[in-house]
Amino acid sequence: LAKTTQPISMDSYEGQEVNITCSHNNIATNDYITWYQQFPSQGPRFIIQGYKTKVTNEVASLFIPADRKSSTLSLPRVSLSDTAVYYCLVGEGQAGNNRKLIWGLGTSLAVNP
Amino acid sequence: NAGVTQTPKFQVLKTGQSMTLQCAQDMNHNSMYWYRQDPGMGLRLIYYSASEGTTDKGEVPNGYNVSRLNKREFSLRLESAAPSQTSVYFCASRRDRDPSNQPQHFGDGTRLSIL
């Protein structure tokens, strides 16, 4: 199983850069790495996805080393509204309809004033 | 844009009662999913449907049944509710069958309490 491991919680301050690392030692060759954000009383929301190297969009960057056994979500200059739980997600097994996605337990990020 | 709509948002049941949670998406997505989320457990997949007319078990299917009524709708049924099924239930959808590189779109959840 492509299990993931993330820190349970992190603290930061407004304006700082936050890096959250996820370990996924058993990632399969065809798997992508996806990060979601979840606020209280809401469903998870897609942030960013990547396969290798670096991906950047308007809200975050995702760094993936060559061995792909980990990934780091980088949030630049966080604000109070970035306080949320962040999930790292990788696929499992061969491509096809019977794949099961494995969710990590998430990292609870608290951004302080 | 409605996205993924779940009904009801809240529900309290007594042990042994039955209930169907409804989910509908308006994005013309092929795949749909039901998850439950419990404190300290993260999201766990109950059932999923890769396309209209097909359903498959996920990680925790016991005590649940599902129906992919059409491409838009995917319902989750508890035939005889148990306190262990108290949870927040999320429905999600995805455009393609292969989950590798398409993000899931989630509803805002149904909070279910079973007494």
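Residues numbered from 1 in each chain as written. Chains lettered and ligands numbered in written order. Predicted model: local features only at pLDDT ≥ 70, side-chain atom pairs only at ≥ 80, totals over all residues. Heavy atoms only, no water.

> Even after reading the chapter, I still don't get the overall build of chain A, so can you show me in this structure?
Scanning chain A for helices and strands turns up zero helices and 10 strands. If you list the helices and strands of chain A from N to C, you get β-β-β-β-β-β-β-β-β-β. Every one of the 113 residues in chain A was classed for burial, and the buried ones make up 44%. Across chain A, contacts joining residues at least 24 apart in sequence account for 55% of those joining residues at least 6 apart. (Helix = DSSP H or I, 4+ residues; strand = E, 2+ residues; numbered from the N terminus. Buried < 20%, exposed > 50% of the residue type's maximum accessible area, 1.4 Å probe, protein only. Contact = heavy atoms within 4.5 Å.)

> Can you walk me through the sheet that holds strand E7 (residues 65–68) of chain B in this structure?
Two orientations exist for strands paired in a sheet by backbone hydrogen bonds: parallel and antiparallel. All names here are of chain B. The sheet built from four strands is open, its strands ordered E1-E3-E8-E7 with antiparallel pairing. Edge positions in the open sheet fall to strand E1 (4–7) and E7, since each of these has one partner strand only. Put simply, the sheet's adjacent strands are angled 15 degrees from each other on average, direction ignored. Relative to strand E3 (residues 19–25), E1 is paired through four bridges, and the arrangement is antiparallel. From the neighbouring strand, valine 4 faces E3, where its bridge partner is glutamine 25. (Pairing = 2+ DSSP bridges. Axes fitted to C-alpha atoms, helices over the stretch in contact; angles between N-to-C directions.)

> How do you make sense of the environment of asparagine 26 of chain A when you look at a structure like this?
Residues and elements named next belong to chain A. Positionally, asparagine 26 belongs in the loop between strand E2 (18–23) and strand E3 (33–38). Assessed through its relative accessible area of 54%, asparagine 26 is described here as exposed. In the structure, asparagine 26 is positioned 42 residues away from arginine 68 in sequence and 9.3 Å away in space, judged by C-alpha atoms.

> Help me understand the state of the cysteines in this model?
In protein chemistry, a disulfide is the covalent bond that joins the sulfur atoms of two cysteines. The tally for this structure, following the rule as stated, stands at two disulfides over all chains. A sulfur-sulfur distance of 2.2 Å marks the disulfide that ties cysteine 22 of chain A to cysteine 88 of chain A. Disulfide cysteine 22 of chain A-cysteine 88 of chain A: torsion about the S-S bond near -80 degrees, hence left-handed. Residue cysteine 22 of chain A is found in strand E2, and its partner cysteine 88 of chain A is found in strand E8 (residues 84–90); the two are separated by 66 residues along the sequence. Cysteine 88 of chain A carries the same exposure label as cysteine 22 of chain A, and that label is buried. A disulfide bridge connects cysteine 23 of chain B with cysteine 91 of chain B, and the sulfur atoms are separated by 1.9 Å. (Disulfide = S-S within 2.5 Å.)

> In this structure, what is going on with the nonpolar core? I would like to understand it.
Nonpolar side chains in soluble globular proteins tend to be buried together. Judged by nonpolar contacts, the single largest core of 20 residues is most densely connected at Ile33, Trp35, Leu73, Leu75 and Tyr86 of chain A. Elements represented by at least two residues in this core include exactly E2, E3, strand E4 (45–50), strand E6 (61–64), strand E7 (70–75), E8 and strand E10 (107–112) of chain A. If you tally residues by element for this core, the top one is E8 of chain A, at four residues. The residues touching leucine 73 of chain A, leaving out its near neighbours within four places in the chain, are Val18, Asn19, Ile20, Trp35, Ile47, Ile48, Ala60, Ser61, Leu62 and Tyr86 of chain A. Counting residues in each nonpolar core, the second largest holds 19 residues, with Leu13, Leu21, Tyr64 and Cys91 of chain B among its members. (Core = buried A, V, L, I, M, F, W, Y, C linked by side-chain atoms within 4.5 Å.)

> Where do I start with the packing of aromatic side chains in this structure?
Note on aromatic pairs: each is described by the distance of the centres and the angle between the planes. Applying the stated rule across the entire model yields eight aromatic pairs over all chains. Between tyrosine 32 of chain A and tyrosine 51 of chain A, the aromatic rings sit 5.3 Å apart at their centres with planes inclined by 55 degrees, giving tilted as the arrangement. Of the two residues, tyrosine 32 of chain A sits in the loop between E2 and E3 while tyrosine 51 of chain A sits in the loop between E4 and strand E5 (53–56), which places them 19 residues apart along the sequence. Relative accessible area serves as the criterion here: at 27%, tyrosine 51 of chain A is assigned to the partly exposed category. One aromatic cluster in this structure is built from Tyr36 and Phe46 of chain A together with Tyr33, Tyr35, Tyr48, Phe90 and Phe106 of chain B. A cation over a ring is seen here: arginine 68 of chain A above tyrosine 51 of chain A, with NZ or CZ 4.0 Å from the ring centre. (Phe/Tyr/Trp six-rings, centres within 6.5 Å; stacked < 30°, edge-to-face > 60°. Lys NZ or Arg CZ within 6 Å of the ring centre and 35° of its normal.)

> Hey, could you run me through the environment of histidine 24 of chain A in this one?
Residue and element names in this part refer to chain A. With respect to the helices and strands, the residue histidine 24 is situated in the loop between E2 and E3. Those residues in contact with histidine 24, other than ones at most four positions away along the chain, are Lys3, Thr4, Ile33, Arg68, Lys69, Ser70, Ser71, Cys88 and Val90. Polar contacts involving the side chain of histidine 24 include one to the side chain of serine 71, which spans 3.0 Å. (Polar contact = N/O pair within 3.5 Å; in protein donor to acceptor, adjacent residues only side chain to side chain.)

> I would appreciate a short explanation of the pattern of salt bridges in the present structure.
A side chain with one charge may pair with a side chain of the opposite charge, provided their charged atoms come close. Residues and elements named next belong to chain B. Taken as a whole and judged by the stated rule, the model has three salt bridges over all chains. Taking the shortest distance from any N to any O, the salt bridge between arginine 44 and aspartate 38 comes out at 2.9 Å. Considered together, arginine 44 and aspartate 38 belong to a single accessibility category, that of buried residues. One salt-bridge network, held together by shared partners, links Arg36, Asp38 and Arg44. (Salt bridge = Lys/Arg side-chain N within 4 Å of Asp/Glu carboxyl O.)

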